[in-house]
Each structure stands twice: as structure tokens, then as C-alpha cells.
Amino acid sequence: MNMQAQAVRHEKMRIAGALVDTDERVNVVNPYTNKVIGTVPAARPEHVRDAFARAKAFKSKLTRYERQQILLRTADILASRKEEFARLITAESGLCWKDSLYEAGRAYDVYSFAGQLTIKDDSEVFSCDISPQGKSRKIFTMRTPLLGVISAITPFNHPLNMVSHKIAPAIATNNRIILKPTELTPLTALALADVLYEAGLPPEMLSIVTGNPHSMGDAMITDPDADLVTFTGSVRVGKHIAANAGYKRLVLELGGNDPLIVMEDADLEKAAELAVLGATKNSGQRCTAVKRILCVEAVADEFAELVLKRARKLKCGDPMDPSVDVGTVIHEGAAKEFERRVGDAVKDGAHLLHGNDRQGALYPPTVVDHVPYTSELVLQETFGPVIPIIRVPNDIESVIRISNSTAFGLSSGVCTNRLDYITRFVNELDVGTVNVWEVPGYRIEMSPFGGIKDSGLGYKEGVQEAMKSFTNVKTYSLPWS
Ligand code: NAD
């Protein structure tokens, strides 16, 4: 599994199944070795236009059974090539081998669940003879695919899973989709397209275009044949899309700044385990990573020690080493930014307990205690393996107020056994999810997922909800005597 031994991949775009190249290319760099491991075409707006036009011209006639078989075959192929995909994910993202294998397993679930849900018809029937004005009729609902094409744009932090959360529900609902993966990790998405074609997907139903967002990003969000833009990524780009997409349905899954809340009755060992895992898995690059730990003063000294002990045990290093727990972050620039933010928090009064010693894009788990809740480190989304402890007053009122004090509202984790606390957190935290005794990122690939406030417009993802947002509900009515 020597990275240097891998050949450089010169990939082409997949446009309705055709391999399409351009003169200008984008380099894909391994963040650990700093070597170019592949190149992909830099699409121009006309390539994007062509992809949408070809997709629009095709109407899928696949039955539910046929779609199910394609999705389940895809799941099986991914399971059999799990290690091949994990190698590619690690090579282009720097995520460690353990994280990449986990990612490949999650993608299996996405296709498997989509396959299982494809055969379920959620049509409803309304009898009309239910009021004094009623008639002897029935109204029926049915879901139809979009008339136009789905435009999907994905981030770097889950090169396979995030892409799958766009593609699988699109296939399940008989839609056509054009996907633009991030320019940082496009190779996994291209390899996935080949798996889907191999599994029997009509190539017109899926195109992958690659390139620099500043030259072809707007083409993805303004194409006249795009009915819906589904975007996962930063708040900045999400708001740019919202301002420019015009009359299209928008599904925006944006950044997070999720708290893990530790109350005075919590089992502190268990809470420390969740804090460290939640903040460092996937190199801390999850929208739902633990980005702030709100611990009540009464138990903060003991809790901080337990966190420190666990963080020290994590191994940070060569992402291909199977014993490594934390690989690199996406690039050196990101690591430098975390270093600066931690440094600024320390100037604001925080105590650095461990880490913050960067080597290139390797940024180790970093424990910072006494972080002011107004510090940039925890007010903004810090997308790396920082474990910041914010000490909060011993009253639930203050905990909820501080938790709700950022612009984000994605998810949360809560460590307490008190039912009175739990019900208040579930009712009063302004977030999409409250996980009691779990990390904020806990979910299954099928359950509804997504945030409010700056984290999203409220449309949920997760296979089942995505299938709903990718369809139109049509009603028809019949006389029924
Ligand atoms: P990003 O916003 O920088 O990029 C995301 C995608 O948008 C990339 O494909 C990029 O090329 C594209 N893009 C950039 N500018 C564009 C433009 N002007 N027009 C069209 N497309 C454009 O995000 P990132 O750094 O790749 O990912 C990290 C972010 O994603 C974090 O904020 C994280 O929280 C968020 N995220 C959210 C979720 C969720 O479900 N809520 C899941 C994963 C990641």
C-alpha cells in the first residue's frame, strides 16, 4: 500500500457515458505527500451545457424493479471494491485508512437503502365524501421525477458518501443528474460513475463534470435545464447559489458548528470519549463534527483531564498506515488556518493543552480549554481536529443560550441522563438534530438529516427525504360511487 507506487491517473469526464477531455486540466494532489496523483479536465461552461442538454433529451423508462436492481448491484460492487475505493479516497483527501474504509461502508448503505426504498410507493388516497360539500370522488397522489435535470455540487470531506447521497436518490426516483464533485477530490466520483454504469445505469442518467468552480460553477447553478440544485458545502458558496440560481428548487446542506453538551450528572469517561471521537474522526472534517464542547463548570476540570488523556492516545500520521487514527486535513492552507485560530483563542485567554504543532497538512488532535465562546475558533466553523472546551455556567438556561449563540444550526450531542434537561434540549436547541449520548454526527443513511439557520434551508437529506425533494407530487381524481 505504498502511495508513491501508485500511477498518476489522467481521468476524463463522464458525460452521458462518453469520455470527454479538455486541454486545460486540474491537478489532484495528495495532501500527505504533496505529489500530484491525478489530473482531471477543467470543464468550460459549454461542457456543462452539453451535459445538461444530453440529460434533458433522455427520459428514463426504468421500472422500480430495474432501478432497485441497479442500486443493489452498485452496493455489491462497492462492497467488493471497498479497499480500492478506500485507497483512492485516502490518496486524494488525506483521510486515514480507517476513515476511508468507513466511508466506503457508508456508501454501501446509501445504495442498499435507496434500492430498498425504490420499491416503496408512498402514494396517498383522499376520499372526498367527508364533508357536507363532499362528492363521491377520490383524490390520489403520485410522485413523478422532475421535468428537468438535477444539478448536484459536492464538497471534499466525504468524497464517496456525499456524492452517493446525491446520486442514489436521483436514480431511485428515475431522475437524471449532473454532478460536479469538488476539484479537490474528483477521482473518487469518476470511479464511482464507472461502477454505476457497470451496474446497468443508462449513461444518460448520470454525468460527472469536473473543473474549477470560478470558471464553470455558475453554469452548474444557472443552466436552463436544471430544475433543482442540490448543494453540500460551505455557507459562503451556499448563499452564493441561493442568490444566483433563480427559479429552481434548492436543497442546501451547509456548514455546522455542532456542540457536545456535558452536564454535571454525565458519565465523564463516556462524554470524553464522544468528545474526542466526534471532534477528530475524518480529521475533524465533518459538517457534524464536534466543533465546540460546552461543559458545565462543576465538572470541567475532571472532564478536561479525561479529554486530554484520550486525545494523547490518538495517532496522527501517514494516512495509509492502517494504525493511524487521524490523517491529514485537506491541505496545508487549512492546517495553517487552524493554527492561527487556536493561537488567537490562546491570546483571548484559552489554554492550549495538547497539539497545534502542524507538519504540512498534518494537523494533530488539538485540545484547548477555557475557550471563550465568542472566540473565532468556536464562533466560526473550524473544519479540523480541534477539541475546544468552553466552560459554561452551571445552569441549563446559560447552556442553551450559549449553544444557540452561533449562526449555525445543524446538529448537537447531549451528555446527561436527566429527563428534565433532555426534554429542554430537544425542545430548545435551534438545530436539526439532538442526539442524546451520541456524537452530533450520528445517523443512519436513511434517516432525515439537515440543519436550519445558516446550516440549511430546512430541506432534509438522507435517502428517504432526498427522494421526496427530487420528485413532484401530482394529484389526480376519479369519480368513486
Ligand atoms: P465549498 O463550499 O468550498 O465547496 C463545495 C463545492 O462547491 C465544491 O464542489 C466547490 O467546487 C463548489 N463551488 C465553490 N464555489 C462555487 C461556485 N461559485 N459555484 C458553484 N460551485 C462552487 O466546501 P468544501 O470546503 O468543499 O466543504 C466543506 C464544507 O462543507 C464545510 O462547511 C462543511 O460543514 C460542509 N458540509 C456540509 C454538510 C451537510 O450535510 N450539511 C456535509 C458535508 C460538508
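Residues numbered from 1 in each chain as written. Predicted model: local features only at pLDDT ≥ 70, side-chain atom pairs only at ≥ 80, totals over all residues. Heavy atoms only, no water.

Examining the site of the ligand
As a matter of local geometry, the ligand sits amid 27 residues, with T154, E183, S234, L254 and E381 nearest to it. T154 is positioned such that a nitrogen or oxygen atom in its backbone is 2.7 Å from an oxygen atom of the ligand. A distance of 2.6 Å is found between an oxygen atom of the ligand and a side-chain nitrogen or oxygen belonging to E183. Its free accessible area being 850 Å², the ligand has 89% of it covered by the protein chains. Broken down by secondary-structure element, the contributors of at least two residues to the shell around the ligand are α7 (213-222), β11 (226-232) and α8 (235-244). (Near = heavy atom within 4 Å. Polar contact = N/O pair within 3.5 Å; in protein donor to acceptor, adjacent residues only side chain to side chain. Areas by Shrake-Rupley, 256 points an atom, 1.4 Å probe, with all protein chains shown as cover. Helix = DSSP H or I, 4+ residues; strand = E, 2+ residues; numbered from the N terminus.)

With respect to unusual backbone geometry
The phi torsion at N34 lies on the positive side, around 65°, for a residue other than glycine. Taking the relative accessible area as the measure of exposure, N34 reaches 57% and is therefore exposed. (Buried < 20%, exposed > 50% of the residue type's maximum accessible area, 1.4 Å probe, protein only.)

Some details on the sheet that holds strand β5 (residues 36-41)
Ordered in space as β1-β5-β4, the 3 strands form an open sheet in which the pairing is mixed. The open sheet has two free edges, formed respectively by β1 (9-10) and β4 (25-29), since each of these has just one partner strand. Here β4 runs beside β5; their pairing, made up of 5 bridges, is antiparallel. When the sheet's bridge partners are listed, N27 is paired in β5 with T39. Contacts from helix α6 (residues 186-198) reach β1, β4 and β5, with the element oriented near 65° to β5. (Pairing = 2+ DSSP bridges. Contact = heavy atoms within 4.5 Å. Axes fitted to C-alpha atoms, helices over the stretch in contact; angles between N-to-C directions.)

A look at a nonpolar patch on the surface
On the surface, M142, Y476, L478 and W480 cluster together to form a nonpolar patch covering roughly 360 Å² of accessible area. Here Y476 lies in strand β22 (residues 471-479). (Patch = residues over 30% accessible without salt bridge, like charges linked within 9 Å, V, L, I, M, F, W, Y side chains within 5 Å. Salt bridge = Lys/Arg side-chain N within 4 Å of Asp/Glu carboxyl O.)

As for the side chain of T185
Here T185 is to be found in the loop between β9 (177-180) and α6. For T185, a relative accessible area of 1% translates into the label buried. In contact with T185, not counting residues within four places along its chain, are E92, S93, P155, F156, P159 and I330.

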